[in-house]
Structures are given as C-alpha cells and as structure tokens.
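Summary of the model geometry
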Amino acid sequence: MQISLKTYTLRYLSIAFFVIITIWAALFYAYILDEVYDNVDDGLKNQKIEILREIYKYPDLLQTREFGISQFRVSPATDESESFEENKLSSEFFYMPYDDEQEPYRILRTGFYATDRKPYLLEIRTSTVEEDDLIYDLTTALIVLYAILIAGMYLINGFVLRKTWKPFNSILENVNHYRFGKRESLRPIHTNVVEFNRLNEEIQRMWKRNEDVFNEQKRFIENAAHELQTPLAITINKLDLLMEDESLNENQLTQIQNSTASLQRLVHLNKALLMLSRIENKQFTAVEEVNFNVLARALCEDLKDLFEFKEIQLEFVEQGQFLLEMNKDLALVLLSNLLRNAIRYNIDEGGTVSLVFQPDHFSVANTGKREALDTANIFRRFYKETQDSKSNGLGLAIVKSIIDSYPLMEIDYKYSEGQHLFTVKHVFVNP
C-alpha cells in the first residue's frame, strides 16, 4: 500500500522514538535506583556513627532489641569473624501497619564492641522507594512524554514541514500539468531549499530538451509535408494525362487508377499531417465568436449528397446556440472531421447521424459498430478500429489537437443506446 512521505516519516520516527525512550527509561531507572541507594547508604553510615556515639554515652541503649522510633536495634553478636565490624548493606521487606503491606527497607548491619568489651550487632534500617511505584510513575511519565513528542511531531509537520515541502508539491503539480509548449502556464517555484531548487532546475532543463526535440520533429513534419505537396500534385496530374492515352489497355488503366488512388490517399495524409503541425505550432491565431449551429447547417448542406448516397438519416436538433471564441477555420475542421467520421463508420443502410446543440455543448451521435470504441486510443494518431484503407487514422487526432488548443473546450466519447456519441463541451471557469 502506498503512503505519503509525511506518513512514512512519522511512522518510522514514532517507532524510533518508542525504542529510544524504552532503552533510555531502562537506563534511567537503573541510574536513579543506584543514586537512591547510594544516598540512603551514605545516610545509614552517618547514622551508624551517631548511634554508636550515643551507645557509648548511654549504655542502656544496648537493650534496644526492636526497631522503634529511632529505627535501630542492638543484639548480642554470635559471629566475630574478620569482617565483624564491616558495614553490610542489604534490601529487605518489613510489614508496615499503615499501608498493611510489606514495604522495602535498606538495612545496614555492623558489629561493634561496647564499653563492657562484649561484641554486639547493630542493625539500622530506613525506608526506601517502592520499586513498583517508581516503575509505575516512570512509565506514566514516559507515556505522557511519548504522546507529547508524537503530538509535537504532527504539529511541526502541520505548521513547519508542510510549508517546507510546499515547493516540492508545486513541482509535482507542474510536472502533472505540463504539456509541450505550455511551460508559461506553470506555477513558478520560489524556495530557499537547495535540493528543491536543484530538482526544479533539472526538470526545467529536461523540459527544454524535450521541447527542442518536439519542435524539431514538428518542423520536420511541416517541412516534409510542404515539400511533398508539389511532387504529389505533379505525379497525379501526369497519371491523369497518361490515362487519356488510347493505346493503353484496360489492365494498364486499372493499375494507373489504383496508383492514382494511392497517391490521393497520400495527399490526404500529407494535408492531415500539415494541419496537425499548424495547429500545434499555433499558426491559427485569428479568433472570433463562432456560431457552431450556423457552421454545422452549412456543412450538412455540403454533405447532403453523401448522406443520401449512404442512405443515412440526418437529425439536426437545436436546443440553444453553441457559441465559442476560437478560430473559425479550426471550428470548421472540427465539425467536418466529426461529421465525416460519423458518416464513414456508420452502418451501410438505414443509419442515423444526430447533431444536438445546446448553449454549453454540442454532440454528434451515429449508429455503427455495436460495441464501444477503445477510449484509450480513439484520439491517438494513426489508430484505426478497422483496417480501412481509405482512412489515415488522423481525423479524431486532429479533433483532439484542436480541442487541446483551447482550454475552454473538452471532448468526451461514450457508447449509449446503440450509438457512438462525441460531445464537445464549453468549460466555464469561475472568476
């Protein structure tokens, strides 16, 4: 599953913080416990000195057999080894009536000789921290600290990192919206982050290289198309003149006619490529308000004979005027290609072509192949659903190129109720 960089970073930071805090807590707990015992032991040793002084002054204290208010007791010694007078420290539990439970104590045991020259054992105790309570309190504090750290990371990400990564998101948006020849419409990037500046510069250089190559290709296609027009026209004329030669037999005339037809298709392909090149080079600069209803009526009148020849019924529905600011010649090419496409790929007899005009869109629908076209490829250059020798596969590509030249237009295709429907929409931009 894909996740954002922010979530990815926070996930591993959270895990890292948890591991670090856990290790730190164990070390901190051991250090604090050691410090507590060290301080308590120092206090017990100091208390031992004070008690022994008092015992030497007041021998009656040798009869203290139970821990009382003074928290020490004295008992006759039975072991007089070499370490008899050394300090022996240990941790033990004693019952506490107030809490009604066993509580931890630190015990100092040492031997001494009293004024009567007899050996005695001195035991001094003092209450220490309850380790379970210390662990509970430390764990609670660490959980709170962990929660504060995680919340702090999210706040920092929301208010600081989001601002830091804003140029990167702008770069991604520019890459997503970039189209050849439209770099000026992209958002400029301003940032003090060196890496983002380098990334943006590299992308700009990559775009420039791509556009240079693309422009070279367009110029080559346009120049090649221009250069091909004259020899193609001359060749077709010579073949037409050759067909008037009465010495040619029927087979030779058929071959010449086929050659002429192939050259005619090459002429149409050449003109289509030239048209695409001119559209992409933005050579149709004149703009005016175009009434598509009027253009469509005139175009349908010109194609009337073709409709009748193919026995196609034309339906012309006007539910409003579709008006758009664009080049009139391109608008005519757009309508012509959509209509000719609807005629060419219609059924042989009894087909229909429907034109519906509304203020925000117009549509061209036709009967034909009883399944939807490949929406991923129908506007691709040289793509043909069938191996039609009369089609060059550029009609809908030219339509798409014209649509892409005007940001306020878009085209949509769908197959509905047995008809192939192409809809050109007027996109209204909110001010």
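Residues numbered from 1 in each chain as written. Predicted model: local features only at pLDDT ≥ 70, side-chain atom pairs only at ≥ 80, totals over all residues. Heavy atoms only, no water.

Glancing now at the nonpolar core. Counting residues in hydrophobic clusters, the biggest one holds 45 residues, and the most contacted among them are Phe-292, Met-326, Leu-338, Phe-362 and Phe-422. For this core, the element with the highest residue contribution is helix H7 (residues 328–344), accounting for nine residues. Each residue touching Phe-362, except ones within four places of it in the same chain, is listed here: Phe-292, Phe-322, Leu-335, Leu-338, Val-356, Phe-357, Phe-422, Thr-423 and Val-424. With 14 residues, the next largest nonpolar core counts Ile-55, Leu-108, Phe-112 and Leu-122 among its residues. (Core = buried A, V, L, I, M, F, W, Y, C linked by side-chain atoms within 4.5 Å. Buried < 20%, exposed > 50% of the residue type's maximum accessible area, 1.4 Å probe, protein only. Helix = DSSP H or I, 4+ residues; strand = E, 2+ residues; numbered from the N terminus. Contact = heavy atoms within 4.5 Å.)

Attention now moves to the sheet that holds strand S8 (residues 351–358). On the basis of which strands lie adjacent, the open sheet formed by five strands has the order S6-S8-S9-S11-S10 and mixed pairing. Across the chains shown, the open sheet's two edge strands, defined by having one partner strand only, are strand S6 (312–318) and strand S10 (409–416). Pairs of neighbouring strands in the sheet enclose a mean axial angle of 15°, with direction left out of account. Contacting S6, S8 and strand S9 (361–366), helix H5 (residues 292–302) crosses the sheet at an angle of about 160° to S6. (Pairing = 2+ DSSP bridges. Axes fitted to C-alpha atoms, helices over the stretch in contact; angles between N-to-C directions.)

Here we come to the environment of Tyr-136. Assignment of secondary structure puts Tyr-136 in helix H2 (residues 131–177). Given a relative accessible area of 58%, Tyr-136 falls into the exposed group. For the pair Tyr-136 and Gln-321, spaced 185 residues apart in sequence, the C-alpha to C-alpha distance is 78 Å.

Here H5 crosses H7 at 55°, and the two axes come no closer than 10 Å. Relative to H7, the element H5 is oriented oblique. As H5 packs across H7, the resulting crossing turns out to be right-handed. Here Phe-292, Leu-295, Ala-296, Leu-299 and Cys-300 of H5 lie close against H7, whose contacting residues are Lys-328, Ala-331, Leu-332, Leu-334, Leu-335, Ser-336 and Leu-339. (Parallel < 35°, antiparallel > 145°, perpendicular 65-115°, else oblique. Left-handed = near helix turned anticlockwise from the far one by under 90°.)

On the surface, Ile-3, Tyr-8, Tyr-12, Ile-15, Phe-18, Val-19, Ile-23 and Leu-27 cluster together into a nonpolar patch covering about 790 Å² of accessible area. Checked against the element boundaries, Tyr-8 lands in helix H1 (residues 5–57). (Patch = residues over 30% accessible without salt bridge, like charges linked within 9 Å, V, L, I, M, F, W, Y side chains within 5 Å. Areas by Shrake-Rupley, 256 points an atom, 1.4 Å probe, with all protein chains shown as cover. Salt bridge = Lys/Arg side-chain N within 4 Å of Asp/Glu carboxyl O.)

What follows is about the sheet that holds strand S2 (residues 88–96). Taken in spatial order, the four strands of this open sheet run S1-S4-S3-S2, and their pairing is antiparallel. Edge positions in the sheet fall to strand S1 (72–76) and S2, since each has one partner strand and no second. Strand after strand, the sheet turns through a mean of 30° between neighbouring axes, direction not considered.

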